[in-house]
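# Chains, contacts and geometry: an overview
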Amino acid sequence: MSEDINQTRRKAMKATGAVGVGMMLSNPVNVLASQSGAEGKIQSRGYAAFDTSGKLAPWKFERRPVGDNDVLIDIKYASICHSDIHQEKGHWGPQQYPQVPGHEMVGIVAAVGKNVTKFKVGDRAGVGCMVGGCHDCNTNEEQYGADTIFTYGYPDKRSPTGISQGGYSNNIVVEDHYAVHVPEGVSFEEAAPLMCAGITTYSPLMRADLKPGTKVGVAGIGGLGHMAVKIALSKGAEVYAFTTSPSKVKDILAFGAKEVIVVDDISKLGKYRGQMDYMISTIPYGFDVVAYAAVVKPYGTFTQVGMPEKFEVTMNALSLAASRVNFNSSLIGGMQETQEMVNYCVEHNVLPKIEMISAKQINDAWENVVNKKARYRYVIDASTF
């Protein structure tokens, strides 16, 4: 992927369906017709941003008709990622509005295109950060494909609005390749955050080849961070959590962390210098990267997955060199890995701690996320859109 494309992406970066499933299975054509407008476009309703204020409001809009390789998903639940807030407030560059955010959603397949064999009407499905575009992704890392269409705010000629519209809505049309199966062994509510928070942390942690006793540091214990703690623990790692929120200590210890370090003063990191085998940072703000990276052993690895405003992190090159840490960053995961992650998290009961809200509570929830009050992922009941 060219640097220009990289920059473009970075700027853009209890189920209630039993009755509905029965209706769809008995008469899927009529169900689809009831949701379609002129020329087969899908009628949708959701919450959208209309400017950089960060205030969302109800919006009715149209999605493209279900194509030959598409699935229409009736969304049951969608969850809130800090990335939603950064993007809609224009922190990552100018945006086109109205724009419906949301890249963590789950629901029931309501219709399938004629070429679709991966799903059938009535299946449980989830959608994350990508919805289409990459048709030659032999590396199983579609997130790096030049043609990949990300879930919201991304140019999409097929969309009646000109851009992709996300999951804070009652339905979504995506290419079948970009949806994953949601096993019966997990509730829709708990499955939704896996679509971003789960895969974003799972991918680098699994590539780190963690073993029992590996010392893992997790910096930033929010939606992503608490999943990182749980995933690392599931691999037998010894987890040290670094947070700026004293009120989260009890929760984090209950998750199984060996120790929680409240970083109310950056000097507190000095005690842990050179002790971690691996560290993952989910911090979505600018911070002293080198101070955190220095807690990793020489030749250990520090991975950044949190995306701050303007996508920028700064560091003192000499100080980083002095720690001899391998520094990298990671962007979500491919579709094959995402399905693997969902199956793994369900099998090992590695699930998010959630708070349920209605659509009318989204703006308050966004404020709570910014103020570090979320515990730990807000999940929206899509029936309230």
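The structure we're discussing is the one just above.
In what follows, the accompanying structure is described. All of these numbers come straight from a predicted model, not from anything done at the bench. Within every chain, residues take consecutive numbers counted from 1 along the sequence as written. Local features in a predicted model are, by the rule used here, given only for residues with pLDDT of at least 70; side-chain atom pairs are given and counted only at 80 or more, and totals for whole chains, interfaces and linings are based on all residues. For side-chain calculations, the full set of non-hydrogen atoms in the structure is used, while hydrogens and water are omitted.

## Focus on the packing of helix H6 (residues 197–207) against helix H7 (residues 223–234)
Note on definitions: angles span 0 to 180 degrees between N-to-C directions of axes, and those axes are lines fitted to C-alpha atoms, for helices only across the stretch in contact. Numbering goes from the N terminus for both helices and strands, where a helix is a DSSP run of H or I of at least four residues and a strand is a run of E of at least two. Taken N-terminus to C-terminus, the directions of H6 and H7 make an angle of 45°; their axes are 9 Å apart at the nearest point. Taken together, the axes of H6 and H7 are oblique relative to one another. By crossing handedness, the relation of H6 to H7 is classed as right-handed. In this structure, H6 contributes Ala-197, Gly-198, Thr-200, Thr-201, Tyr-202, Leu-205 and Met-206 to the contact, and H7 contributes Gly-223, Leu-224, Met-227, Ala-228, Ile-231 and Ala-232. Of the residues that constitute the contact of H6 with H7, the class distribution is 9 nonpolar, 4 polar and no charged. Reported orientations rely on four angle classes, namely roughly parallel under 35 degrees, roughly antiparallel over 145, roughly perpendicular from 65 to 115, and oblique for the rest. By definition, turning the near helix anticlockwise from the far helix through less than a right angle yields a left-handed crossing, and turning it clockwise yields a right-handed one. Whether two residues are in contact is decided by their heavy atoms, any of which lying within 4.5 Å being enough. Only Asp, Glu, Lys and Arg are considered charged in this grouping, and only Ala, Val, Leu, Ile, Met, Phe, Trp, Tyr, Cys and Pro are considered nonpolar; every other residue, Gly among them, is considered polar.

## Things to note about the nonpolar core
To qualify as a nonpolar core, a set must consist of buried Ala, Val, Leu, Ile, Met, Phe, Trp, Tyr and Cys residues joined through side-chain atoms within 4.5 Å. Only protein chains enter the area calculation, which uses a 1.4 Å probe; residues under 20% of their type maximum are buried, those over 50% are exposed, and those in between are partly exposed. Ile-73, Ile-80, Tyr-168 and Ile-362 are the most contacted members of the largest nonpolar core, which totals 91 residues. A domain assignment, automatic or from a database, supplies the domain bounds used here. In terms of domain composition, this core takes at least three residues from each of domain 1 (43–182 + 353–384) and domain 2 (197–329). By size, the runner-up hydrophobic cluster in this structure holds 20 residues, among which are Phe-242, Leu-269, Tyr-272 and Ala-293.

## Digging into a nonpolar patch on the surface
Taken together, the side chains of Val-313, Met-315 and Phe-327 make up a nonpolar region of the molecular surface, amounting to roughly 200 Å² of accessible area. Note that Phe-327 resides in strand S15 (residues 326–329). Its relative accessible area of 31% is what places Phe-327 among the partly exposed residues. Excluding any residue in a salt bridge, patches collect residues exceeding 30% relative accessible area, merging like charges within 9 Å and nonpolar Val, Leu, Ile, Met, Phe, Trp and Tyr side chains within 5 Å. Method for areas: the Shrake-Rupley scheme with a 1.4 Å probe, in which residue coverage is limited to the protein chains shown. For this document, the term salt bridge refers to a Lys or Arg side-chain nitrogen within 4 Å of an Asp or Glu carboxyl oxygen.

## Notes on the pairing of strand S13 (residues 276–281)
Most of S13 sits inside the fold, with 5 of its 6 residues counted as buried. A pair of strands is labelled paired if DSSP reports no fewer than 2 bridges between them. In this sheet, S13 lies alongside strand S10 (residues 215–219) in parallel orientation, the contact comprising 4 bridges. Paired with Gly-217 across the two strands is Met-279, which belongs to S13. In terms of strand pairing, S13 meets strand S14 (residues 296–304) through 5 bridges, oriented parallel.

## As for H6
Judged by how many residues are buried, H6 sits mostly within the fold: 9 of 11 residues are covered. Those residues of H6 that are buried are in contact with S10, H7, S13, S14, helix H11 (335–347) and strand S17 (377–381). The positive-phi residue at the C-terminal boundary of H6 is Asp-209, with phi of around 55°.

## Considerations on the sheet that holds S13
Taking strand neighbours across the sheet as the criterion, the 6 strands line up as S12-S11-S10-S13-S14-S15 in an open arrangement whose pairing is parallel. Edge positions in the sheet fall to strand S12 (259–262) and S15, since each has one partner strand and no second. Each strand axis lies, on average, 20° off the axis of its neighbour in the sheet, ignoring direction. For strand S11 (residues 238–243) and S12, the ladder comprises 4 bridges, and the chain directions are parallel. Across the sheet, Phe-242 pairs through a bridge with Ile-261, a residue of S12. Across the sheet, H6 lies against S10, S13 and S14, angled at about 160° from S13, the strand it touches most.

Keep in mind these numbers describe shape, not what the thing actually does.
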